[in-house]
Amino acid sequence: ADRNVAKIGIEDGEMRKRLPNAIIIGVKKGGTRALLEILKIHPSIRACSSEVHFFDRDENYEQGLEWYQQQMPASLPHQITIEKSPSYFIRPEVPERVYGMSKTVKLLVIVRDPTRRAISDYTQSLERKPDNPPFEEMVMDADGKIDEDWSKLEIGRYAKHLARWLKYFPLHQIHFVSGEELIKRPAKEVQLVERFLKLKPFITEDNFFFNESKGFPCFVGKITENGSVKKSHCMGETKGRKHPDVQEDVLERLREFFRPLNGKFYSMADLLGDILV
Ligand code: A3P
């Protein structure tokens, strides 16, 4: 499979579109967009602005790797091409397909407390379906038990999804980013990503300032498509939404539900037990 990649990318040494060497594979609502925006500050990163959904949508996958490569921004040989499509992490067919493109591609997963993640996902769904019942109602089945099959909970079974990736990729090729830390200490968290991607350290605390009214960090020094430096920008209104208040007893039950699943994820990913809090 790696031979295909070599075949497509023959003329080295100039600005051209290349297949990604790193992919943000998930998780949805973990902070995937913010992570990508921050990485774009680095001069050695070239990123796709929109989600490509190559490996998870058959109609795209069937177009082949040439099509995928065409979706990428042009880059120089020393630069890293990166794209993010958050549903890659949870789709069973994706790990094998990614492996078929490259055995050495680096994978980034930004994770977040799965209870918060579910509420964030639910909040987003209200934009398309404002008549959805309250979160508490949707998370319970008719017997008042947690509906473990609800897609918004299913995505939070990180260990189950990760197990499928580990059939193809060694753990050292996957880097986990803490969604919480990316908000609280963005420079520190993204410096770990720079190290994982073997990039020259570039992003520092000076690239961030906290926006009190938004309640989130904003960024300084983004390189725009035409190479000029944009002074400062925050994520748009669809990032950092206000969540509805969820009843404390429901929150507690969800945390209980996820606790053993998180524990399994920590040991599988060889992580300390504080990345999801
Ligand atoms: P909420 O909108 O629920 O707060 P994704 O890009 O994967 O959809 O993730 C969206 C989440 O990114 C937001 O969820 C927010 O918590 C998080 N996030 C991380 N850093 C952010 C930032 N600097 N500005 C806004 N949202 C940020």
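Quick note: structure is the one above.
Residues numbered from 1 in each chain as written. Predicted model: local features only at pLDDT ≥ 70, side-chain atom pairs only at ≥ 80, totals over all residues. Heavy atoms only, no water.

*Asks:* Is there a simple way to explain the overall build of the protein in this structure?
*Replies:* Of the regular secondary structure elements, the protein holds twelve helices and ten strands. Taking 2.2 N^0.38 as the reference for a compact globule, 277 residues should give roughly 19 Å; the C-alpha atoms of the protein span a radius of gyration of 19 Å, in line with that estimate. Taken along the three principal axes of its C-alpha coordinates, the protein extends 60 × 40 × 35 Å. Burial analysis of the protein (277 residues in total) assigns 50% to the buried set. Counted over contacts in the protein with a minimum sequence separation of 6, partners at least 24 positions apart contribute 71%. With an accessible surface of roughly 13900 Å², the protein has 51% of that area assigned to carbon and sulfur atoms. (Helix = DSSP H or I, 4+ residues; strand = E, 2+ residues; numbered from the N terminus. Rg over C-alpha atoms; globule rule 2.2 N^0.38 Å. Buried < 20%, exposed > 50% of the residue type's maximum accessible area, 1.4 Å probe, protein only. Contact = heavy atoms within 4.5 Å. Areas by Shrake-Rupley, 256 points an atom, 1.4 Å probe, with all protein chains shown as cover.)

*Asks:* Would you explain the site of the ligand in this entry?
*Replies:* Contacts to the ligand come from 18 residues, most closely from Thr32, Ser120, Pro217, Gly240 and His243. Ser120 places a side-chain nitrogen or oxygen 2.6 Å from an oxygen atom of the ligand. Lys239 places a polar side-chain atom, nitrogen or oxygen, 2.9 Å from an oxygen atom of the ligand. Here the ligand has 570 Å² of accessible area as a free molecule, and 97% of this is covered by the chains. Residue assignment for the shell around the ligand shows that the elements contributing at least two residues are α2 (32-39) and β9 (216-223). Per-class residue counts for the shell around the ligand are seven nonpolar, six polar and five charged. (Near = heavy atom within 4 Å. Polar contact = N/O pair within 3.5 Å; in protein donor to acceptor, adjacent residues only side chain to side chain. Nonpolar A, V, L, I, M, F, W, Y, C, P; charged D, E, K, R; others polar.)

*Asks:* So what exactly am I meant to see when it comes to the nonpolar core here?
*Replies:* Most often, soluble globular proteins keep nonpolar side chains buried together rather than apart. Grouped together as the largest cluster of nonpolar side chains are 32 residues, with contacts concentrated most on Ile23, Tyr68, Trp165 and Phe265. Mapped by element, the contributors of at least two residues to this core are β2 (22-26), α4 (64-70), α5 (94-101), β6 (106-111), α9 (158-166), β7 (174-178) and α12 (248-269). The biggest single contributor to this core is α9, with four residues. Ignoring any residue separated from it by four or fewer positions in sequence, one finds Tyr68 in contact with Leu19, Pro20, Ile23, Val52, Phe54, Phe55, Glu83, Tyr88 and Met101. With 26 residues, the next largest nonpolar core counts Ile24, Leu39, Val193 and Ile203 among its residues. (Core = buried A, V, L, I, M, F, W, Y, C linked by side-chain atoms within 4.5 Å.)

*Asks:* Explain the pattern of salt bridges here, please?
*Replies:* Once their charged atoms are close, side chains differing in charge can pair, the charge on each being opposite to the other. Counted by the stated rule, this structure contains 14 salt bridges. Linking Glu248 and Arg255 is a salt bridge whose minimum nitrogen-to-oxygen distance equals 3.5 Å. Residue classification places Glu248 among the exposed positions, given a relative accessible area of 52%. Residue classification places Arg255 among the partly exposed positions, given a relative accessible area of 32%. The network of salt bridges with common partners includes Lys28, Arg117, Asp121 and Lys152. (Salt bridge = Lys/Arg side-chain N within 4 Å of Asp/Glu carboxyl O.)

*Asks:* Help me out: how do you make sense of the state of the cysteines in this one?
*Replies:* Working definition of a disulfide: a covalent bond connecting the sulfur atoms of two cysteines. Under the counting rule described, the total for this entry stands at one disulfide. Note on cysteine connectivity: Cys218 is disulfide-linked to Cys234, with sulfurs 2.1 Å apart. Here the S-S torsion is close to 100°, and the disulfide linking Cys218 with Cys234 is therefore right-handed. Here Cys218 is found in strand β9, whereas its partner Cys234 is found in the loop between β10 (229-233) and α12, with 16 residues between them in sequence. By relative accessible area, which is 0% here, Cys218 ends up buried. (Disulfide = S-S within 2.5 Å.)

*Asks:* Even after reading the chapter, I still don't get the sheet that holds β6, so can you show me in this structure?
*Replies:* Picture the strands of a sheet paired through backbone hydrogen bonds; they go either parallel or antiparallel. Strand order across the open sheet formed by five strands is β3-β5-β2-β6-β7, with parallel pairing between neighbours. The open sheet has two edge strands, β3 (45-47) and β7, and neither has a second partner. The average angle at which neighbouring strand axes cross in this sheet is 25°, direction not considered. Looking at chain direction, β2 and strand β5 (residues 80-84) are connected through three bridges and run parallel. Looking at β5, one finds that Ile23 is bridged to Glu83. The strands touched by α9 are β2, β6 and β7; relative to β7, the strand with the most contacts, the crossing angle is about 155°. (Pairing = 2+ DSSP bridges. Axes fitted to C-alpha atoms, helices over the stretch in contact; angles between N-to-C directions.)

Any link to function would need more than the numbers given here.
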